[in-house]
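What the coordinates show
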Amino acid sequence: MMSELFENHQAMLNSALVACGDRSYFSAFLEIPSGKIYGETAKADGEAWFKDRMNGAYALAGHPGAKGAAGKESSPFGPTLGVTYPKADVGTLISAAEAAAGAWGRAPIETRIGVCLEALVRINMQSFAMANAVMHTTGQAFAMAFQAGGPHAQDRGLEAVAYAYQEMTRTPASALWTKPQGKRDPLVMEKNFRVIPRGLSLVIGCATFPTWNTYPALFASLACGNPVIIKPHPDAILPLALTVEILRDVLTETGFDPNVVLLAVDEKGAEITQEIATHPAIKTIDFTGSNGFARWLKDNVDRDTALYTEEAGVNSIVIASSSQYRAMCDNIAFSISLYSGQMCTAPQNIYVPAGGIESDEGPKSFDAVAADIGQAVDRLLSDPDRAAAISGAIANPATVERVKQAVSLGTVVRASTPVEGAGDARTATPLVMTIDDDASEAHKGECFGPVCFVVKAADADSALKNASGLAREKGAITAAVYAQDEATLDRAVDAFAEAGVALSCNLTGQIFVNQSAAFSDYHVSGANPAGNACLTDAAFVAGRFRIAPSRRLKAA
């Protein structure tokens, strides 16, 4: 069955490999939440799955380490989930993972790849259940939870599997080495090259995108032969519990120890992340989250432990001029409103020259640009149903307080308000403020959530210089520029490339700076303080395995 899994999914893998090579559009998992795609009862089945798990114990068959139960998740839309999970015992988890490591690490590459691909397909089949789990732990609206938490995350997992397969098979399994020796018989050796896993992997999940940010690391480590311990954020356990359940089922069915994948659950105030991260058996750590904990990891984990991070940054937009002014304002409004600014790719600072800009509607002053962006947000969110679908809910109550405090940092152009008709959901629409680049430091650090600074710069060149400089200093994942002339666009491309930031130029319509497409876009460059890893490139997977050679002298 294990070889059959690779054969069954080889076409999908080959398509992913092609897309990774030419960076063209490809998606293995369809993002439309339609019954015609996922089954006529899929929506109802997903809702029933979620309701069945509320106020009960989540059973993970045979999962070790249970010392009581943990779990205090609350939906940003109102209800307490009431789901409990086996409470992790670190020592037992490590021992179980080590016991499972041998057979998994020695399995043929194609066998492991087949298991990973089968798991991704089965996870995809549960996309409606996953959407409910993601929605009610992160605050994403249902459509976004389905797409980002489901097919988009699954594509990112497949992307990692494809890169892992490519890198592990780059070196041949065997070679005949022949060295001429003049009149003597040549020296002939048979050389073999075995891929060996690095060791146990720890993946530390985040609260806002528990699957999208976890799947690349999870599937890269698994594909390379490393058992994985997943440490979810205490606020977003359910999506990763479902992931672990499916993976353990596939592992069991294919004859492997299901403890190749484990769930390490804790609660706020009784965290176990540091204990696991510093255990000598952990050889790879993937982390998405704050700069502060990333720094702790860098300072405290063993120097031989590979550490991959995605951290905080300050994303910027530079407006030098615009040939589609209203469409630009609408595009920016959507970008700062989507999921209430809780995306690591969401823009925070919008740099505008003090003297204003030229546009297809004529000259626009600095104040007019700021006001028009605020009005575009008002237009976008004027319909309560549309506002709820775009904004979702606020994952962490501290974010709402941060927005309230931020009003003192600049001149308010558009006040943040709750989403109309949101009921018990914790919501906040974008706060838009103006600020002087030379007179304030408030915008020069991450202000996570729906907070937008329209920053007054001396001119367009100063805006580019200061935005890209801030990215180099504080980190950034995305940037955008609006300009009518090629010379300004070229300068922007150079400036942000040198800062290691993914740049988008003159976006309008239904493509936004927040979006990152698997198989084509690189998410995080690893070239500025926003993170040292890139999702996904060869470096992201190549350090998760090593090559162990052996050689035998052949008789003449």
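As shown above, the structure is provided for reference.
Note on numbering: residues in each chain are counted from 1, in written sequence order. Two thresholds apply to this predicted model, a pLDDT of at least 70 for residue-level local features and 80 or more for giving and counting side-chain atom pairs, whereas whole-chain, interface and lining totals are computed over all residues. For side-chain calculations, the full set of non-hydrogen atoms in the structure is used, while hydrogens and water are omitted.

Turning our attention to the pairing of strand E9 (residues 306–310). Taking burial as the measure, the 5 residues of E9 include 5 buried ones, the bulk of the element. Burial classes: relative accessible area under 20% of the type maximum marks a residue as buried, over 50% as exposed, and values in between as partly exposed (1.4 Å probe, protein chains only). Only DSSP runs of H or I covering at least 4 residues are called helices, and only runs of E covering at least 2 are called strands; the numbering of each starts at the N terminus. Side chains Ala-306, Tyr-308 and Glu-310 project from E9 onto one buried face, and the interleaved Leu-307 and Thr-309 project onto a second face that is buried too. Any two strands with at least two DSSP-identified bridges between them are counted as paired. With 5 bridges joining them, strand E8 (residues 282–288) and E9 adopt parallel strand pairing. Looking across to E9, one finds that Thr-288 is bridged to Glu-310.

Another aspect to go through is the pattern of salt bridges. By definition here, a salt bridge exists when the distance from a side-chain nitrogen of Lys or Arg to a carboxyl oxygen of Asp or Glu is within 4 Å. The full count for this structure, using the stated rule, is 19 salt bridges. Between Glu-47 and Lys-43 there is a salt bridge, with the nearest N and O atoms lying 2.8 Å from each other. With Glu-47 and Lys-43 both in helix H3 (residues 42–53) and 4 residues apart, this pair spans about one turn of that helix. Classification of Glu-47 as partly exposed rests on a relative accessible area of 30%.

On to the packing of aromatic side chains, then. Ring pairs shown here join Phe, Tyr and Trp side chains whose ring centres sit within 6.5 Å, with only the six-membered ring taken for Trp; geometry is labelled stacked below 30 degrees between planes, edge-to-face above 60, and tilted in between. Enumeration according to the criterion identifies 16 aromatic pairs in this entry. Judged by centre distance (5.7 Å) and plane angle (45°), the rings of Phe-6 and Tyr-165 are tilted. Of the two residues, Phe-6 is situated in helix H1 (residues 2–22) and Tyr-165 in helix H8 (residues 151–168); the sequence distance between them amounts to 159 residues. The exposure class assigned to Tyr-165 is buried, which follows from its relative accessible area of 16%. Joined through ring pairs, the aromatic side chains of Tyr-38, Phe-128, Phe-142 and Phe-146 make up one cluster.

Take the sheet that holds strand E18 (residues 502–505) next. Pairing in this open sheet of 7 strands is mixed, and the strands run E14-E15-E16-E12-E10-E17-E18 from one edge to the other. Looking along the sheet, the strands with just one partner apiece sit at the ends: strand E14 (411–414) and E18. In this sheet, adjacent strand axes meet at a mean angle of 25° when their direction is disregarded. One ladder, built from 3 bridges, connects strand E10 (residues 316–319) with strand E12 (residues 349–353); its direction is parallel. If you follow Ile-317 over to E12, its bridge partner there is Ile-350. Contact definition: two residues touch when any of their heavy atoms are within 4.5 Å. For helices, the fitted axis covers only the stretch in contact; all axes are lines through C-alpha atoms, and the angles between them, taken along N-to-C directions, range from 0 to 180 degrees. Packed onto the sheet, helix H14 (residues 366–380) meets E10, E12, E14, strand E15 (431–436) and strand E16 (451–457) and runs at close to 45° relative to E14. With respect to the sheet, helix H17 (residues 460–474) is in contact with E10, E12, E16 and strand E17 (478–482), its orientation differing from that of E12 by roughly 155°.

Its place among the elements puts Phe-142 in helix H7 (residues 142–149). Overall, Phe-142 belongs to the partly exposed group, its relative accessible area being 24%. Along the sequence, Phe-142 and Ala-389 sit 247 residues apart, while their C-alpha atoms lie 7.4 Å from each other. What Phe-142 contacts, discounting residues up to four positions off in sequence, is Pro-33, Phe-128, Ala-131, Asn-132 and Met-135.

Turning our eyes to something else, we now look at the sheet that holds E9. Spatial strand order, E7-E6-E5-E8-E9: 5 strands in an open sheet with parallel pairing. Pairing within the sheet leaves two strands with one partner each, and these edge strands are strand E7 (261–263) and E9. Direction aside, neighbouring strands of the sheet carry axes that sit 15° apart on average. Of the strand pairs in this sheet, strand E6 (residues 228–231) and E7 are connected by 3 bridges, and their pairing is parallel. The residue of E7 that forms the bridge with Ile-229 is Leu-262.

A word on the side chain of Asn-124. Residue position: Asn-124 is located in helix H5 (residues 109–125). Excluding anything up to four places from it in sequence, Asn-124 contacts Phe-29, Tyr-38, Pro-151 and Gln-154.

Moving on to helix H18 (residues 486–498). The span you would expect from a helix comes to 1.5 Å times its residue count less one. For H18, with 13 residues, the first-to-last C-alpha span of 18 Å sits near the 18 Å given by 1.5 Å per residue. Every buried residue of H18 is listed here: Thr-488, Leu-489, Ala-492, Ala-495 and Phe-496. Along H18, the residues classed as buried sweep out an arc of 130° about the axis, all on the same side. Away from its buried face by more than 90 degrees, H18 exposes Glu-486, Ala-497 and Glu-498. Looking at the buried positions of H18, the neighbouring elements they touch are E10, H17, E17 and E18. Once H18 ends, the next one or two residues include Gly-500, with phi positive near 70°. By construction, the arc corresponds to the directions joining the helix axis to the C-beta atoms.

Time to look at the nonpolar core. The nonpolar core is taken to be a set of buried Ala, Val, Leu, Ile, Met, Phe, Trp, Tyr and Cys residues, with the residues joined through side-chain atoms within 4.5 Å. Among the nonpolar cores identified, the biggest contains 122 residues, and Ile-113, Phe-219 and Ile-319 are the most heavily contacted of them. Aside from chain neighbours lying at most four places away, what touches Ile-113 is Phe-6, Leu-13, Val-161, Tyr-165, Met-168 and Ala-223. In terms of nonpolar packing, the next biggest core, distinct from the first, is built from 28 residues, Val-318, Tyr-351, Val-481 and Phe-496 among them.

Looking now at the environment of Asn-192. As for its placement among the helices and strands, Asn-192 is situated in strand E4 (residues 184–197). Accessibility expressed as a relative area gives 23% for Asn-192, which makes it partly exposed. Considering only alpha carbons, one finds Asn-192 and Ala-483, 291 residues apart in sequence, at a separation of 56 Å. Aside from chain neighbours lying at most four places away, what touches Asn-192 is Ala-173, Ser-174, Ala-548, Pro-549 and Ser-550. Side chain to side chain, Asn-192 and Glu-190 meet in a polar contact 3.3 Å long. The term polar contact refers here to a pair of N or O atoms within 3.5 Å; inside protein, the definition further demands a hydrogen-donor-capable atom paired with an acceptor-capable atom, and it admits residues adjacent in sequence only when both atoms are side-chain atoms.

Patches in this entry comprise residues that are over 30% relatively accessible and not in a salt bridge; like charges within 9 Å are linked, as are nonpolar side chains (Val, Leu, Ile, Met, Phe, Trp, Tyr) within 5 Å. Per-residue accessibility takes into account occlusion by the displayed protein chains alone, with areas from the Shrake-Rupley method and a 1.4 Å probe. By the counting scheme adopted, Arg and Lys are positive, Glu and Asp are negative, and His together with the chain ends is not counted. Charge coordinates come from a single atom per side chain, which is NZ of Lys, CZ of Arg, CG of Asp or CD of Glu. A contiguous patch of negative charge, built from Asp-485, Glu-486, Asp-490, Asp-494 and Glu-498, is present on the exposed surface. Within the secondary structure layout, Glu-498 lies in helix H18.

So, on to unusual backbone geometry. Cis geometry is adopted by the peptide bond preceding Thr-536, which originates at Leu-535 and carries an omega value of -5°. The topology assignment puts Thr-536 in the loop between E18 and helix H19 (538–542). Despite not being glycine, Ser-340 has its phi angle at roughly 50°, a positive value. With respect to the helices and strands, the residue Ser-340 is situated in the loop between helix H13 (325–337) and E12. At Phe-519, a residue that is not glycine, the phi angle is positive and equals roughly 70°. Considering the arrangement of structural elements, one finds Phe-519 in the loop between E18 and H19. Residue Phe-519 is classed as buried on the basis of its relative accessible area of 0%.

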